[in-house]
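Architecture at a glance
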Amino acid sequence: MKFDDFWYVVCESNQLKSCKVLQRTVLGEWLAVFRDEDGNPTALRDRCMHRNSRLSHGKVSSGKIQCPYHGWVYDKNGLVVAVPAEGKDFRPCHTRRTLGYDTKEQDGYVYVRLTQNPTEKFEPFLMPHYKQPGWETVRVINRFRNNVTNCAENFIDIPHTASVHPGVFRSSMQQKLEMTVERRNGSVFAEYRNETNNLGWFARFLNHQGYEIRHIDSFHMPNVTSVEYDMAPQRQLFITSQSVPETEESTLVYTDVTYNYGIWNKLARPFIYWTAQYIIHQDVEALAIQWEVIKKYGTHFANTPADTIHVFVESIRNKIANGEDPRNLPDKSVRVNFWV
Ligand code: FES
Ligand SMILES: [Fe+2]
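First, a word on what this report is: a plain description of the structure on this page. (Residues numbered from 1 in each chain as written. Chains lettered and ligands numbered in written order. Predicted model: local features only at pLDDT ≥ 70, side-chain atom pairs only at ≥ 80, totals over all residues. Heavy atoms only, no water.)

**Topic: unusual backbone geometry**
Formally: Here a helix means four or more residues in a row that DSSP labels H or I, a strand means two or more in a row labelled E, and each is numbered from the N terminus.
Residue Pro222 is bonded to the preceding Met221 through a cis peptide linkage, with omega at 0°. Considering the arrangement of structural elements, one finds Pro222 in the loop between β14 (214-220) and β15 (224-232). Although it is not a glycine, Cys19 adopts a positive phi angle of roughly 65°. With respect to the helices and strands, the residue Cys19 is situated in the loop between β1 (7-12) and β2 (22-26).

**A word on the pairing of strand β9 (residues 100-106)**
As a reminder of what qualifies: Two strands pair under a simple rule: DSSP has to find at least two bridges between them.
Where strand β4 (residues 41-45) and β9 come together, two bridges link them in antiparallel fashion. Its bridge partner being in β9, Ala43 is matched across the sheet by Tyr101. Where β9 lies against strand β10 (residues 109-113), five bridges are found, and the strand directions are antiparallel. The partner of Thr103 across the bridge, within β10, is Val112. Where β9 folds back on β10, the antiparallel hairpin that results is connected by two residues, among which Asp107 adopts a positive phi of roughly 50°.

**Quick notes on helix α1 (residues 148-155)**
Applied cut-off: Burial classes: relative accessible area under 20% of the type maximum marks a residue as buried, over 50% as exposed, and values in between as partly exposed (1.4 Å probe, protein chains only). Nitrogen and oxygen atoms within 3.5 Å of one another constitute a polar contact, given that in protein one can donate a hydrogen and the other can accept it, and given that sequence-neighbouring residues count only through two side-chain atoms.
Taken across its eight residues, α1 has eight buried, putting it largely inside the fold. Restricting attention to buried positions, one finds in α1 the residues Val148, Thr149, Asn150, Cys151, Ala152, Glu153, Asn154 and Phe155. The opening residue of α1, the one whose side-chain oxygen lies 3.3 Å from the backbone nitrogen of Thr149, is Asn147.

**A short note on the environment of Cys48**
For clarity, the cut-off: Any two residues having at least one pair of non-hydrogen atoms within 4.5 Å are treated as being in contact.
For Cys48, the position within the fold is in the loop between β4 and β5 (59-61). The spatial distance from the C-alpha of Cys48 to the C-alpha of Phe189 is 44 Å, given a sequence separation of 141 residues. Once residues lying within four places of it in the same chain are set aside, the contact partners of Cys48 are Ser53, Leu55, Cys67 and Tyr74.

**Structural notes on empty space enclosed by the protein**
Note the following rule: The pocket and cavity definitions rest on a 1 Å grid over protein atoms only: a 1.4 Å probe that fits but cannot leave marks a cavity, an open set with protein on both sides within 12 Å along at least five of seven lines marks a pocket, and residues lining either have an atom within 4 Å of a point. Grid points are joined across faces, edges and corners, and a volume is the space filled by probe spheres set on the points. For the purposes of this description, domain bounds are those given by an automatic or database domain assignment.
Counting across every chain of the model gives two cavities of 30 Å³ or more. In this model, the second largest cavity occupies a volume close to 40 Å³. Listed by contribution, the elements that provide at least two residues to the lining of the second largest cavity are β1, β2, β16 (235-247) and β17 (250-260). The element that contributes the greatest number of residues to the lining of the second largest cavity is β2, accounting for three residues. Built from parts of two domains, the lining of the second largest cavity gets at least three residues from each of domain 1 (3-113) and domain 2 (136-339).

**So, the packing of aromatic side chains**
Going by this rule: Stacked, tilted and edge-to-face are the three classes applied to pairs of Phe, Tyr and Trp rings, where Trp contributes its six-membered ring and a pair requires centres within 6.5 Å; stacked means planes under 30 degrees apart, edge-to-face means over 60, and tilted covers the rest. Over a ring means this: the NZ of a Lys or the CZ of an Arg is within 6 Å of the ring centre and within 35 degrees of the ring normal.
For the structure on display, the rule yields eight aromatic pairs. Centre to centre, the rings of Tyr259 and Tyr261 are 4.7 Å apart; their planes meet at 40°, and the pair counts as tilted. With respect to burial, Tyr259 and Tyr261 carry one shared label: buried. Within the aromatic cluster, the residues linked to one another by ring pairs are Tyr109, Tyr111 and Tyr254. We note Arg54 situated over the ring of Trp30; from NZ or CZ to the ring centre the distance is 3.6 Å. It is Arg183 that lies over the ring of Phe312; its NZ or CZ is 5.2 Å from the centre.

**Quick word on the nonpolar core**
For the record, the criterion: Remark: nonpolar core denotes a set of buried residues (Ala, Val, Leu, Ile, Met, Phe, Trp, Tyr, Cys) joined through side-chain atoms within 4.5 Å.
With 59 residues, the main nonpolar core has Val10, Leu31, Val188, Tyr192, Ile309 and Phe338 as its most contacted residues. Both domains that furnish three or more residues to this core are identified here as domain 1 (3-113) and domain 2 (136-339). Excluding anything up to four places from it in sequence, Leu31 contacts Val10, Leu22, Gln23, Arg24, Val26, Leu44, Asp46, Tyr101, Val112 and Leu114. Listed in part, the 14 residues of the second largest apolar core include Ala32, Leu44, Cys48 and Trp72.

Here's what the structure looks like:
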């Protein structure tokens, strides 16, 4: 198994307009992404084979892309279908092409898979309750200066919330939480108990009756995290993040906040958007600092039992990095107490 066996988000569906080209980087590979004549997404290596210009600086018309330098035209498969300097003498030749990648469109996202021959046919992660009746989704995109592992871990790390997001999310040292962390089948699940009111201004609106909160965080190989809060009927919230590796030190994170607040659904949108961005920007800063230190001193962590989630996530991502299948790791379940 390799990281490029999986599907990665390259844009929201509505960002990819016809006759428009987007420039993207996934796992270090440069991509020019556009729609073909049938409206299907196309992703080509962002390199003109003629004299190395970038296709993403070119123009799209009738579902084909034209290099900005000498005007070679590429079709959706990456085949050169016109060369202006050859005029009417032009004959297509199957060796004149740039790499083309598989694409998929699902849940309002465009996905690309980089491998040409996957060891296994994975599917993109299903975004919970996307466009289902009664549910709303607020979608935000943020770039982190750090790698996918540290980003994913941050999104399901409770102990940092009191210090990085004081007041917004939690206030510190009020509650003893019990969590069960489980690793199975390439996923990590953390279930929390004893959580009632320590959720800052979120809770005052969402859970003013002080119901017991059902809270499960999960990680799914290779790059998805989901935070699920179930406070009462029509007080349910999912925060699902897809961390897309641009390079070793840059991660583009697509986050869906999907919620069911009953009659408050529409009114809550701007509030949810603002809160999500406020919180995520605090994480962007925290992760940039962590990355600076990792670059200088390397990755050596001093883990406590509260960091069990991190240890499990790293074990899964390390397996894939070594070309192995993390679903072969033994199932594990650990009970941990900690204070927030
Ligand atoms: S470099 Fe692209 S057409 Fe010449
Ligand atoms: Fe955070």
